[in-house]
Amino acid sequence: MQIERFEVAIPDADLADMRRRIDDTRWADDFGNADWRYGVERNWLADMVRFWRDEYDWRAEERRMNRHPHYRTEIDGVPIHFLHIPGKRLPGGPAPTPLLLVHGWPWTFMDYFDLIAPLTDPAAHGGNPHEAFDVVIPSLPGYAFSAPLTKTGLTIPRLAELFARLMREGLGYARHGVAGGDWGAAITTHMAHAFPEQVIGVLATIPYFAGLDLAAIPDADHAPDEQWMLERKRQSAGTTMSHFVVQSTDPQTLAYALTDSPVGTAAWLWERRRAWSDWESDDLPPSARTALCTLASLLWLTRTIGSSMRTYWEHAHAGGLPIAPLHDRQPAIEVPAGFAIFPREVMLIPRAVAARGTNLQRWTLMERGGHFGPSEEPEAMARELRAFFGALCKSG
């Protein structure tokens, strides 16, 4: 497996093209939509686009990305971009724990970027200096710099296999931890299921494991103090189903429109970030606006908005839910499992279900955060990762 260093460097011509297309946006009329009932409200979107055009600085974000080492490789013809940041080791102390962080959609590797420093250098961030990690953050195939994608059939089990090989064969980690959110939760829990000899533990934001049928979870499985989960799922149902249906059915049709229009790409992505995040208002601070613009810029500039959506098609046409287990041993996840549940998450599963299907060692209800918890509350997520894997390493 040949691994090469990579530097993020978008050509000037591509940035100029994006700016021109933003300037030439043909805006749809919008009326009777102050409450977003029909989708993204135009005034909010226009204000965000103004920030994107006039205040957002891609080159500054690019320099920020390049503070850490990037790499690219291919596994069975599938391109994989990843960051690999060694942790700080104290003289005479334990080696940092290798940790794979896997994102979902609409995420990118940047959703874990603010976790890098507190995980690789915990002493500088109020943590135990002996609980450092070697952090590996890949881009899912077909997302951002894991491109161009020419292979089909990249189901959740196949992605789990590719990332297991990256860690084992590419980076030489015989044993390592895994963590993820959204598709990353499905991928990392499947890695824990399929490769227990390699995975020391899994910490995910969603207890979505092999063999779990989400549609078959009865309301009665929710404890009295989990009734809020049912209400949150009902509240977010509209924006969790609309993209799922389209992207599971004919994502390529939508890809032509979004690849052509950066504002179209932004609207599609930002609606979900808004609906699934724990925001107090739509008047976002510059840091949150910058993160949204980086998300849209990454997927538009790399022409991967279309290939990123195919994860849904591959999943649906491989049988959809549940993900078929590789064996019938119970629980499905034998290695230690932990889950960090954010209050504004949209894919909520009760603790009783997680306890039946996994070797549940830790269950934490986070104070704040939504579906994108690692990027919304990076310090809290870093503490959770250190606590979970720190306990595993101490116990042997």
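Here, the structure is the one placed above.
A quick note: this is a predicted structure, and the numbers were derived from the prediction, not measured.

Student: Even after reading the chapter, I still don't get the environment of aspartate 260, so can you show me in this structure?
Tutor: Note that aspartate 260 resides in helix α8 (residues 251-260). As for aspartate 260 and arginine 5, which are separated by 255 residues in sequence, their C-alpha atoms are 30 Å apart. Aside from chain neighbours lying at most four places away, what touches aspartate 260 is Arg21 and Trp300. Within the structure, aspartate 260 has its side chain in polar contact with the side chain of arginine 21 (distance 2.8 Å).

Student: What exactly am I supposed to notice about the sheet that holds strand β3 (residues 78-85) here?
Tutor: Sheets are built from strands that pair by backbone hydrogen bonding, the pairs being arranged parallel or antiparallel. Across the sheet, nine strands lie side by side as β1-β2-β3-β5-β4-β6-β7-β8-β9; this open sheet has mixed pairing. At either end of the open sheet lies a strand with only one pairing partner, and these are β1 (4-6) and β9 (358-365). Strand-to-strand twist in this sheet, taken as the mean axis angle between neighbours without regard to direction, amounts to 25 degrees.

Student: Just to check I follow, could you spell out unusual backbone geometry for this structure?
Tutor: Where the residue is not glycine, phi is negative for most of them; where a peptide bond is considered, it is trans in most cases. In this chain, tryptophan 105 is followed by proline 106 through a cis amide linkage whose omega measures 0 degrees. Its place among the elements puts proline 106 in the loop between β4 (97-102) and α4 (116-120). Residue proline 331 is bonded to the preceding glutamine 330 through a cis peptide linkage, with omega at 0 degrees. Along the chain, proline 331 turns up in the loop between α11 (305-317) and β8 (333-341).

Student: In this structure, what is going on with the nonpolar core? I would like to understand it.
Tutor: Within the largest apolar cluster, 124 residues are counted, with the highest numbers of intra-cluster contacts made by Ile187, Trp270 and Leu385. Those residues within four positions of leucine 385 in sequence are excluded, and the remaining contacts are Leu99, Leu101, Leu115, Leu119, Phe133, Ala179, Leu203 and Gly390.

Student: Would you mind going over the pattern of salt bridges with me for this structure?
Tutor: Proximity of charged atoms lets side chains of opposite charge pair with each other. Taken as a whole and assessed by the stated rule, the structure comprises 29 salt bridges. Across the pair arginine 356 and aspartate 221 runs a salt bridge, and its minimum N-O distance is 2.8 Å. With arginine 356 in helix α12 (residues 351-357) and aspartate 221 in the loop between β7 (199-204) and α7 (227-249), the pair connects residues that are 135 residues apart, well separated along the chain. Ionic pairing is found between arginine 368 and glutamate 367, a salt bridge with its closest N-O pair at 3.5 Å. Here the salt bridges share partners, and the residues they tie into one network are Asp76, Arg158, Glu161, Arg165, Arg168 and Glu169.

Student: Honestly, the packing of α7 against helix α9 (residues 262-276) in this entry has me stumped. Any pointers?
Tutor: Between two packed helices, what matters for the description is the angle formed by their axes and the separation of those axes. Viewed as axis vectors pointing N to C, α7 and α9 meet at an angle of 160 degrees, and their least axial separation amounts to 10 Å. Overall, the two elements α7 and α9 adopt an arrangement that is roughly antiparallel. The handedness of the crossing between α7 and α9 is left-handed. Touching Arg232, Thr239, Thr240, Ser242, His243 and Gln247 of α7 are Trp268, Glu271, Arg272, Ala275 and Trp276, all from α9. Looking at the contact of α7 with α9 residue by residue, the class counts come to three nonpolar, five polar and three charged.

Student: It is not clear to me how helix α1 (residues 12-23) should be interpreted in this structure. Could you clarify?
Tutor: Given 3.6 residues per turn, any residue in an α-helix points the same way as the ones three and four places further on. Taking 1.5 Å as the rise per residue, α1 with twelve residues should run 16 Å; its terminal C-alpha atoms sit 17 Å apart, in good agreement. What α1 keeps buried is the set Leu15, Met18 and Ile22. Along the long axis of α1, the arc covered by the buried residues comes to 60 degrees, so they all point the same way. Exposed side chains of α1 directed beyond 90 degrees from the buried face belong to Asp12 and Ala13. Turning to α1, the residues buried within the fold contact α2 (42-54), α3 (58-65), α9 and α10 (286-301).

Student: Would you mind showing me how to read the pairing of β4 here?
Tutor: The side chains of a regular strand alternate, residue by residue, between the two faces of the sheet. Buried residues dominate β4, accounting for six of its six residues. Of the two faces of β4, the one lined by Thr97, Leu99 and Leu101 and the one lined by Pro98, Leu100 and Val102 are each fully buried. In the sheet, β4 pairs with strand β5 (residues 133-138) via four bridges, with the strands oriented parallel. Residue pairing in the sheet places threonine 97 in a bridge with phenylalanine 133 of β5.

Student: Can you walk me through the packing of helix α5 (residues 156-170) against helix α6 (residues 183-194) in this structure?
Tutor: Taken N-terminus to C-terminus, the directions of α5 and α6 make an angle of 70 degrees; their axes are 8 Å apart at the nearest point. In terms of axis orientation, α5 runs roughly perpendicular to α6. As α5 runs across α6, the sense of the crossing is right-handed. Where α5 abuts α6, its residues Ile156, Pro157, Leu159, Ala160, Phe163 and Ala164 lie against Trp183, Ala186, Ile187, His190 and Met191. By residue class, the composition of the contact of α5 with α6 is ten nonpolar, one polar and no charged.

Calculation rules
- Residues numbered from 1 in each chain as written.
- Predicted model: local features only at pLDDT ≥ 70, side-chain atom pairs only at ≥ 80, totals over all residues.
- Heavy atoms only, no water.
- Helix = DSSP H or I, 4+ residues; strand = E, 2+ residues; numbered from the N terminus.
- Contact = heavy atoms within 4.5 Å.
- Polar contact = N/O pair within 3.5 Å; in protein donor to acceptor, adjacent residues only side chain to side chain.
- Pairing = 2+ DSSP bridges.
- Axes fitted to C-alpha atoms, helices over the stretch in contact; angles between N-to-C directions.
- Core = buried A, V, L, I, M, F, W, Y, C linked by side-chain atoms within 4.5 Å.
- Buried < 20%, exposed > 50% of the residue type's maximum accessible area, 1.4 Å probe, protein only.
- Salt bridge = Lys/Arg side-chain N within 4 Å of Asp/Glu carboxyl O.
- Parallel < 35°, antiparallel > 145°, perpendicular 65-115°, else oblique.
- Left-handed = near helix turned anticlockwise from the far one by under 90°.
- Nonpolar A, V, L, I, M, F, W, Y, C, P; charged D, E, K, R; others polar.
- Expected span 1.5 Å × (residues − 1).
- Arc of directions from axis to C-beta.

On their own, these measurements won't tell you what the molecule is for.
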